[in-house]
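# Examination of the molecular architecture
The lines below spell out each chain.
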Amino acid sequence: IPVGWIVRLYAITAGILLVNHVRTLAAHRYVALGEEVSREGQLLDSINLASESLWTKLLAPVGLRYHALHHVLPGLPYHSLGAVHRALCRELPRESSYHRVSVSGVGEGIRNLMRDARRNSRRAASGRPSPGYG
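Just so you know, these numbers come straight off a predicted model, no measurement behind them.

If you tally the helices and strands in the chain, you get seven helices and two strands. Looking at the chain residue by residue over its 134 residues, the buried ones come to 33%. Partitioning the intrachain contacts of the chain with sequence separation of at least 6 by distance along the chain shows that 51% fall at a separation of at least 24. Working note: accessible area of the chain is about 8,600 Å², and carbon and sulfur atoms make up 64% of it.

Time to look at the nonpolar core. By size, the foremost hydrophobic cluster in this structure holds eight residues: Leu 43, Leu 44, Tyr 66, Ala 68, Leu 69, Leu 81, Tyr 98 and Val 101. Contributions of two or more residues to this core are made by helix H2 (39–44) and helix H4 (67–72). Among residues more than four places away in sequence, those in contact with Leu 43 are Ala 68, Val 72, Ser 97, Tyr 98 and Val 101. Formed by seven residues, the second largest nonpolar core is a distinct cluster that contains Ile 47, Leu 49, Leu 59 and Ala 60.

Tallied over the entire structure, the rule returns three salt bridges. We note a salt bridge from Glu 52 to Lys 57, for which the minimum N-O separation is 3.4 Å. Glu 52 gets classed as partly exposed once you look at its relative accessible area, which sits at 45%. Among the ionic pairs, Arg 115 bridges to Asp 116, the shortest N-O distance being 3.1 Å.

Attention shifts here to a nonpolar patch on the surface. Taken together, Ile 1, Trp 5, Ile 6 and Leu 9 make up a surface patch of nonpolar side chains, about 440 Å² in accessible area. Turning to its location among the elements, Ile 6 is positioned in helix H1 (residues 3–26).

Every buried residue belonging to helix H5 (residues 81–91) is among Leu 81, Gly 82 and His 85, and all of these are buried. Down the axis, H5 shows its buried residues gathered within 95° of arc, on one side only. More than 90 degrees from the buried face of H5, the exposed residues found are Arg 90 and Glu 91. Summarising the contacts, the buried residues of H5 are in contact with strand S1 (48–49), H4, helix H6 (97–100) and strand S2 (102–103).

Moving on to the packing of H1 against helix H7 (residues 106–125). Between two packed helices, the angle of one axis relative to the other and the distance separating the axes together describe the packing. Remark: H1 packs on H7, axes separated minimally by 8 Å, with the N-to-C direction vectors making an angle of 65°. Taken together, H1 and H7 sit at an angle that is classed as roughly perpendicular. Where H1 crosses over H7, the two elements pack in a sense that is left-handed. On the side of H1, the interface is formed by Val 22, Leu 25 and Ala 26, while H7 contributes Val 106, Gly 109, Ile 110 and Leu 113. Among the residues forming the contact of H1 with H7, the class breakdown is six nonpolar, one polar and no charged.

What follows concerns the side chain of Arg 65. With respect to the helices, strands and loops of the structure, Arg 65 is situated in the loop between helix H3 (54–59) and H4. Although Arg 65 is buried, it forms no salt bridge, and the closest oppositely charged side chain is Glu 52 at an N-O distance of 4.3 Å. Engagement of the side chain of Arg 65 in a polar contact is seen with the side chain of Tyr 66, the distance being 3.5 Å. When near neighbours in sequence (up to four residues on either side) are disregarded, Arg 65 contacts Ile 47, Asn 48, Leu 49, Ser 51, Glu 52, Thr 56, Lys 57 and Ala 60.

Further remarks concern the environment of Tyr 66. Within the secondary structure, Tyr 66 sits in the loop between H3 and H4. According to the relative accessible area criterion, Tyr 66 is buried, its value standing at 2%. Placed 18 residues apart in sequence, Tyr 66 and Asn 48 show a C-alpha to C-alpha distance of 4.5 Å. Aside from chain neighbours lying at most four places away, what touches Tyr 66 is Asn 48, Glu 52, Leu 81, Gly 82, His 85 and Arg 86.

Rules used throughout
Residues numbered from 1 in each chain as written. Predicted model: local features only at pLDDT ≥ 70, side-chain atom pairs only at ≥ 80, totals over all residues. Heavy atoms only, no water. Helix = DSSP H or I, 4+ residues; strand = E, 2+ residues; numbered from the N terminus. Buried < 20%, exposed > 50% of the residue type's maximum accessible area, 1.4 Å probe, protein only. Contact = heavy atoms within 4.5 Å. Areas by Shrake-Rupley, 256 points an atom, 1.4 Å probe, with all protein chains shown as cover. Core = buried A, V, L, I, M, F, W, Y, C linked by side-chain atoms within 4.5 Å. Salt bridge = Lys/Arg side-chain N within 4 Å of Asp/Glu carboxyl O. Patch = residues over 30% accessible without salt bridge, like charges linked within 9 Å, V, L, I, M, F, W, Y side chains within 5 Å. Arc of directions from axis to C-beta. Axes fitted to C-alpha atoms, helices over the stretch in contact; angles between N-to-C directions. Parallel < 35°, antiparallel > 145°, perpendicular 65-115°, else oblique. Left-handed = near helix turned anticlockwise from the far one by under 90°. Nonpolar A, V, L, I, M, F, W, Y, C, P; charged D, E, K, R; others polar. Lys, Arg positive; Asp, Glu negative; His and termini not counted. Polar contact = N/O pair within 3.5 Å; in protein donor to acceptor, adjacent residues only side chain to side chain.

Without other data, these values stay purely geometric and don't point to any function.
Structure representation (structure tokens):
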């Protein structure tokens, strides 16, 4: 096997794994650190990527943009998540928990995750408990 082919295969594999890792990071808030949480807590610890941009659709195809909805309705087929998400957004009041878990895209999800990690790190250093979700 030519070395150039192996290098390309490695680069493609590493790229795919990097995209999947970033998408997974952007889909969670990581506040519930292993403790058992309610269904609403699972919702609040997850994120929906509300953007319809091509970039978001490429990074989170099919129903992967609706990760918080998946935690609320885990049996719902992925191909139905988009339609159910849009219906919930129309029907639920703006102040509902469901609306609070949507971010505009992967970039905002990562920025929020980094901000919260810094905040939780400072909180842990000061001895204060994390807020968690019950």
